[in-house]
Amino acid sequence: MNYSQFLVGCSYKLPLLQIRASAYQGGKTEESSKKQHKTSDIEKHNKVRIEIDNNLPPLVGAVKKKAQQNAATFHFPGHNRGRSAPFALTQLIGLEPFIHDLAAIPELDNLTSPHGPILEAQKEAAKLFGALETWFLVGGTTCGIHGAIMATCSPGEYLILPRNCHLSAISGMVLSGAVPKYIIPEYDVEWDIAGGVTPSQVEKAIQELEMEGRKPAAVFVTSPTYHGICSNISEISQLCHSHGIPLIVDEAHGAHLGFHPQMPKSALQQGADLAVQSTHKVLCSMTQSSMLHMSGNLVDKETISRCLRVLQTTSPNYLLMASLDAARHQLTQNPKALFDKAMQIAFEAKNSIRKIPEISILNHQTFPKFPSMDPFRLTIGFKQLNMSGYEADEILYRDNLIISELVGTKSITYAFNLGTCEEHVERLVFGLKKIVSSSSSSTSMSHGVCAPFADFTTSLIPREAFFRKKRKVSIEKCIGEVCGELICPFPPGIPVLIPGETITQKALDYVLDVRSKGAIISGASDPQLFSILVCY
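Note that the structure is a prediction, hence the values are computed from the model and not measured. (Residues numbered from 1 in each chain as written. Predicted model: local features only at pLDDT ≥ 70, side-chain atom pairs only at ≥ 80, totals over all residues. Heavy atoms only, no water.)

Asks: Hey, could you go over the packing of aromatic side chains for me, with residue numbers and the actual values?
Replies: Tallied over the entire structure, the rule returns four aromatic pairs. For the pair Phe339 and Phe376, a centre-to-centre distance of 6.0 Å together with 45° between the ring planes defines the contact as tilted. With Phe339 in helix H15 (residues 335-354) and Phe376 in the loop between strand S12 (372-373) and strand S13 (377-381), the pair connects residues that are 37 residues apart, well separated along the chain. Under the relative-accessibility criterion, Phe376 is labelled buried at 0%. Here Phe466 and Phe467 contribute two aromatic rings whose centre-to-centre distance is 5.0 Å and whose plane-to-plane angle is 80°, an arrangement assigned as edge-to-face. Of the residues examined, Phe466 reaches a relative accessible area of 47% and is grouped as partly exposed. Over the ring of Tyr182 we find Arg163, and its NZ or CZ is 5.8 Å from the ring centre. (Phe/Tyr/Trp six-rings, centres within 6.5 Å; stacked < 30°, edge-to-face > 60°. Helix = DSSP H or I, 4+ residues; strand = E, 2+ residues; numbered from the N terminus. Buried < 20%, exposed > 50% of the residue type's maximum accessible area, 1.4 Å probe, protein only. Lys NZ or Arg CZ within 6 Å of the ring centre and 35° of its normal.)

Below, the structure written as structure tokens:
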């Protein structure tokens, strides 16, 4: 039995350890009032726990060992190892997570200055992922991107990055004071999908800055993209290093890359200096847990640690950190065998869907300039059915309870992972066939508008715009004003309007178009977009 199985078993097989609501809240139950039940529920629980497994990964083992102690606890958190856990939540997840929700007591180490099991767990992760140094993140990849940009870019220094970067890169520039030098990514209007960046685009951006007498402090690349499109990180890293420039890779969607021969290589394997990964997306840590990896000597590790101490909480959740340690340990056994089944399921799913008429699959031919795509991403188009991704997604969810990862104006993206099962693939294939057979649409779906980030003017850098005083103007009167907020359809979290950019008709048309199709607009003070904040 592995640790995750143990957690599940304890949570559901012990019927909440027969503890009633009043017991969680410090009151007495009928059972606890009887003499034969003098022993507390927590003590009973400790007696039936399995013996400590010395083969557990370091941080998981430390948390487990500490939770087993029959200690008199006078420290945070307030639920006191489950003794006063909210009854409503224990009905959902059981008592076990609370028992292991421990504070930063000495034996468990300190994330801001690790020297014990956290440090050991991070070293093991660095070894597995091929890094010189690895940091655990409890604020997601967003926190790592903030730290990477702050560690490489001082106020006024230039950061080369794609205009379709995640919003966390924009907020990273707000924090650091970096000046953006944007690259316009490859874009396919038929799919309404942006690709990555090419080495030639990066080289051109470096040369343009050099002609102005400037040198970029760092280059930032997103690879793979949300749709699984991988940039040529190997050539980009060689180019950056020939100029002495560090390369940061937002690898949120690629923590699994490089662990199977049919997968693209990871960013670190291709020479990136910093790679930030969402270990929870395809790998199996808990949501919100990520890792920041460093390689090479162009970035100072002490600077990164210092930045993360500013950004991360001083009260990190040990379940999140332990899940990173456990996910790493899961991969050390036999990564190829671990991924074989999931790879096969993804391969067979795509083969089955290709046979469905009037359904398209995003493939390498759409973006031929890029070397590879993540085989665990499946993006399906409905253009031939004159149907938007939002419409198709609504039908698939309503009729078959199929939940996608990302919905776009013209496509739906599905994420495969180690837990994907054949039954779910069969349900997806069945649902797609049903959509085709029942489709009666004869109206032509509009092509929509072009990529909104192909035409923009930066009037203020993001940091200046963020702190500038603002006023609210109606949507009809905002054209030509300097945007004061981040307007971002979510998912995927790629900004259409960035603080400091002049609002154009094209950008406004795009965001209104995707909103009308069902996208949720994030970042706007008025989500309905009747008005927009602009800078004075």
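Asks: So what about the sheet that holds strand S15 (residues 411-415)? Which residues, and what values?
Replies: Each strand in a sheet pairs with its neighbour through backbone hydrogen bonds, running either in the same direction (parallel) or in the opposite one (antiparallel). Taken together, four strands build an open sheet; the order of strands is S11-S13-S15-S14 and the sheet is antiparallel. Where the open sheet ends on each side, the last strands, each with one partner, are strand S11 (360-361) and strand S14 (406-407). For S14 and S15, the ladder comprises two bridges, and the chain directions are antiparallel. Following the sheet pairing, Val407 is matched in S15 by Ile412. The sheet contacts of helix H16 (residues 389-400) involve S14 and S15, and relative to S15 the element is tilted by about 55°. (Pairing = 2+ DSSP bridges. Contact = heavy atoms within 4.5 Å. Axes fitted to C-alpha atoms, helices over the stretch in contact; angles between N-to-C directions.)

Asks: Account for the pairing of strand S1 (residues 133-137), naming residues and giving values.
Replies: Taking burial as the measure, the five residues of S1 include four buried ones, the bulk of the element. Two elements, S1 and strand S10 (residues 290-294), share five bridges in a ladder whose sense is antiparallel. Its bridge partner being in S10, Glu133 is matched across the sheet by Met294.

Asks: Explain the side chain of Asp273 residue by residue, including any values.
Replies: Relative to the elements of secondary structure, Asp273 occurs in the loop between strand S8 (247-250) and strand S9 (274-277). Side chain to side chain, Asp273 and His241 meet in a polar contact 2.7 Å long. A polar contact is formed between the side chain of Asp273 and the backbone nitrogen of Leu247, at a distance of 2.8 Å. In contact with Asp273, other than residues within four places in its own chain, are His241, Ile245, Pro246, Leu247, His293, Met294, Ser295, Leu298 and Val299. (Polar contact = N/O pair within 3.5 Å; in protein donor to acceptor, adjacent residues only side chain to side chain.)

Asks: Run through the pairing of strand S2 (residues 158-162), naming residues and quoting values.
Replies: Of all five residues that make up S2, five are buried, and the element is covered over most of its length. Covered by surrounding structure in S2 are Tyr158, Ile160 and Pro162 together with Leu159 and Leu161, the residues of both alternating faces. Examined bridge by bridge, S2 and strand S3 (residues 179-183) share five bridges and lie parallel to one another. Paired with Leu159 across the two strands is Pro180, which belongs to S3.

Asks: Any chance you could break down the confidence of the model for the protein for me, citing the residues and the numbers?
Replies: Put simply, the protein has an average pLDDT of 88, and 87% of its residues get 70 or more. Within the model, pLDDT remains below 50 along residues 1-52, and this stretch shows 76 contacts once partners closer than five positions in the same chain are excluded. (pLDDT = per-residue confidence, 0-100.)

Asks: So what's going on with the packing of helix H14 (residues 318-333) against H15? Residues and values would help.
Replies: Contact geometry for H14 and H15: axes closest at 5 Å, N-to-C directions at 95°. As far as their axial angle goes, H15 and H14 are roughly perpendicular. For the pair H14 and H15, the contacting residues are Gln330, Leu331 and Gln333 in the first and Pro335, Leu338 and Phe339 in the second. Residues of the contact of H14 with H15, tallied by class, amount to four nonpolar, two polar and no charged. (Parallel < 35°, antiparallel > 145°, perpendicular 65-115°, else oblique. Nonpolar A, V, L, I, M, F, W, Y, C, P; charged D, E, K, R; others polar.)

Asks: Got a sec to walk through the pattern of salt bridges? Specific residues and values, please.
Replies: Counted under the stated rule, the structure contains 13 salt bridges. The partner of Lys127 in a salt bridge is Glu124, and the shortest N-O contact between them spans 3.5 Å. Of the two residues, Lys127 and Glu124 both sit in helix H8 (residues 117-129), three residues apart, roughly one turn of that helix. By relative accessible area, which is 27% here, Glu124 ends up partly exposed. (Salt bridge = Lys/Arg side-chain N within 4 Å of Asp/Glu carboxyl O.)

Asks: Can you explain the environment of Thr379? Please cite residues and give values.
Replies: Among the secondary structure elements, Thr379 is positioned in strand S13. The spacing of Thr379 and Tyr414 is 35 residues in sequence and 6.3 Å in space, taken between C-alpha atoms. Setting aside chain neighbours within four positions, we find Thr379 in contact with Trp191, Ile193, His227, Ser360, Ile361, Leu362, Ser411, Ile412 and Thr413. One polar contact links Thr379 to Thr413, side chain to side chain, over a distance of 2.9 Å.

Asks: So, the sheet that holds S9: which residues are in play, and what are the values?
Replies: Within the open sheet, the seven strands sit side by side as S1-S10-S9-S8-S6-S2-S3. Their pairing is mixed. If you trace the sheet from one side to the other, it starts and ends with S1 and S3, each paired once. Neighbour-to-neighbour, the strand axes of the sheet open up by a mean angle of 20°, direction not taken into account. Its contacts with the sheet put H8 on S1, S9 and S10, and the angle it makes with S1 is roughly 120°.

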